[in-house]
Amino acid sequence: MLTFSELRATNETRCRRWHGTRDNLNKTNSDGMMGWTLSDWFTAFAGEVGEAGNVIKKLNRVRDGMTGNKERDIVTQLKLDLGSELADAMIYLDLLANAAGINLENEVINKFNIVSQRNNFPERLVYES
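Treat the numbers as computed from the prediction; the structure is a model and nothing was measured. (Residues numbered from 1 in each chain as written. Predicted model: local features only at pLDDT ≥ 70, side-chain atom pairs only at ≥ 80, totals over all residues. Heavy atoms only, no water.)

Draft legend 1. Layout of the overall build of the chain. A tally of regular secondary structure across the chain gives 5 helices and 0 strands. Starting at the N terminus and ending at the C terminus, the chain contains elements arranged as α-α-α-α-α. For the chain, the residues scored as buried account for 26% of the 129 residues in total. Here the analysis covers contacts within the chain between residues at least 6 apart in sequence; of these, 46% occur between residues at least 24 apart. About 9,100 Å² of surface is accessible on the chain, with carbon and sulfur atoms providing 55% of the total. (Helix = DSSP H or I, 4+ residues; strand = E, 2+ residues; numbered from the N terminus. Buried < 20%, exposed > 50% of the residue type's maximum accessible area, 1.4 Å probe, protein only. Contact = heavy atoms within 4.5 Å. Areas by Shrake-Rupley, 256 points an atom, 1.4 Å probe, with all protein chains shown as cover.)

Okay, here's the thing in structure tokens:
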């Protein structure tokens, strides 16, 4: 099973291989990953979320029986497309968090547990060692 830690390590390695580092691009930013700013990483993330939103729009059109959206296997394909776009968004979200020096795994656990506690829900996430 994929962990946040594994995604972070492998994602950063691939990012550096693909785009290089600050030193070989003669760009600057605090993390040295491609010289991209937090705004750049967020824009990439938002673009992928937008693409997922477009797939949802198409699923809604199928749901509503709109003309031109009644192909038999289109729902299956759209759900595959949605999964792909959500995966892209998660990958960019991890890179954004990395660029900001945020441990996304810890933040998700903390936020989930705060909301559960606030609403008196028993569900809690635990830190894996």
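Draft legend 2. Quick look at helix H1 (residues 4-19). A rise of 1.5 Å per residue sets the reference length of H1, with its 16 residues, at 22 Å; its end C-alpha atoms lie 22 Å apart and thus fit the reference within 8%. Within the sequence span of H1, burial applies to Leu 7, Arg 8, Asn 11 and Cys 15. Down the axis of H1, the buried side of the element spans an arc of 95°, and every buried residue falls inside it. Opposite its buried face, H1 presents the exposed residues Thr 10 and Arg 17, each directed more than 90 degrees away. Turning to H1, the residues buried within the fold contact helix H3 (38-63), helix H4 (74-99) and helix H5 (104-118). (Expected span 1.5 Å × (residues − 1). Arc of directions from axis to C-beta.)

Draft legend 3. Spotlight on the environment of Ser 5. Considering the arrangement of structural elements, one finds Ser 5 in helix H1. Here Glu 105 takes part through its side chain, which lies 3.5 Å from a polar atom of the side chain of Ser 5. (Polar contact = N/O pair within 3.5 Å; in protein donor to acceptor, adjacent residues only side chain to side chain.)

Draft legend 4. Fine view of the packing of H3 against H4. Closest axis-to-axis distance for the H3/H4 pair is 8 Å, and the angle between their directions is 165°. In terms of their interaxial angle, H3 and H4 are classed as roughly antiparallel. As for the relative orientation of H3 and H4, their crossing is left-handed in sense. Residues of the contact of H3 with H4, tallied by class, amount to 22 nonpolar, no polar and 6 charged. (Axes fitted to C-alpha atoms, helices over the stretch in contact; angles between N-to-C directions. Parallel < 35°, antiparallel > 145°, perpendicular 65-115°, else oblique. Left-handed = near helix turned anticlockwise from the far one by under 90°. Nonpolar A, V, L, I, M, F, W, Y, C, P; charged D, E, K, R; others polar.)

Draft legend 5. Spotlight on the nonpolar core. Counting residues in each nonpolar core, the largest one holds 6 residues, listed as Ala 52, Val 55, Leu 59, Val 62, Leu 78 and Leu 82. Sorting the residues of this core by element identifies H3 and H4 as the ones contributing at least two each. Setting aside residues no more than four positions away along its own chain, Ala 52 makes contact with Leu 82, Glu 85 and Leu 86. Core analysis: the next-biggest nonpolar cluster, separate from the first, contains 5 residues, Cys 15, Trp 41, Leu 95 and Ala 99 among them. (Core = buried A, V, L, I, M, F, W, Y, C linked by side-chain atoms within 4.5 Å.)

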